[in-house]
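# What the coordinates show
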Amino acid sequence: MDKFGERLKKVRKNKGVQAYVLEDLCGIGRNAIYEYEEGTRIPRLDNAVEIAKTLDVSLDYLTGLSEESNPLFYSKK
């Protein structure tokens, strides 16, 4: 499993968000979300950003570039 998938799964579960809820909130198919978590599929940048915004976590954290999970540089519009 890649860093994005590991962290996506961890954050989603820690926040109590089911994959079908994330699917509805992001407009990304549930199978795609599971494939991201398993590391068998890489999300497009726009999908990764949407997931990060929806889960209120930084994209740097999800991709393994930072250990800080707080989103600091985007506005929730």
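Conventions we followed
Residues numbered from 1 in each chain as written. Predicted model: local features only at pLDDT ≥ 70, side-chain atom pairs only at ≥ 80, totals over all residues. Heavy atoms only, no water. Axes fitted to C-alpha atoms, helices over the stretch in contact; angles between N-to-C directions. Helix = DSSP H or I, 4+ residues; strand = E, 2+ residues; numbered from the N terminus. Parallel < 35°, antiparallel > 145°, perpendicular 65-115°, else oblique. Left-handed = near helix turned anticlockwise from the far one by under 90°. Contact = heavy atoms within 4.5 Å. Buried < 20%, exposed > 50% of the residue type's maximum accessible area, 1.4 Å probe, protein only. Polar contact = N/O pair within 3.5 Å; in protein donor to acceptor, adjacent residues only side chain to side chain.

## Observations regarding the packing of helix H2 (residues 19-26) against helix H3 (residues 30-38)
As a packed pair, H2 and H3 sit with axes 8 Å apart at the nearest point and diverge in direction by 115°. Comparing the axis directions of H2 and H3 gives the class roughly perpendicular. The crossing of H2 and H3 is right-handed. Here Ala19, Tyr20, Leu22 and Glu23 of H2 come into contact with H3, specifically with Arg30, Ile33 and Tyr34.

## Looking at the environment of Thr54
Mapped onto the fold, Thr54 is located in helix H4 (residues 45-55). Classification of Thr54 by relative accessible area gives partly exposed; the value is 27%. Along the backbone, Thr54 and Arg12 are 42 residues apart, and their C-alpha atoms lie at a distance of 10.0 Å. Apart from the residues within four sequence positions on either side, Thr54 is in contact with Leu22, Leu25 and Cys26. A distance of 2.8 Å separates a polar atom in the side chain of Thr54 from the backbone oxygen of Glu50.

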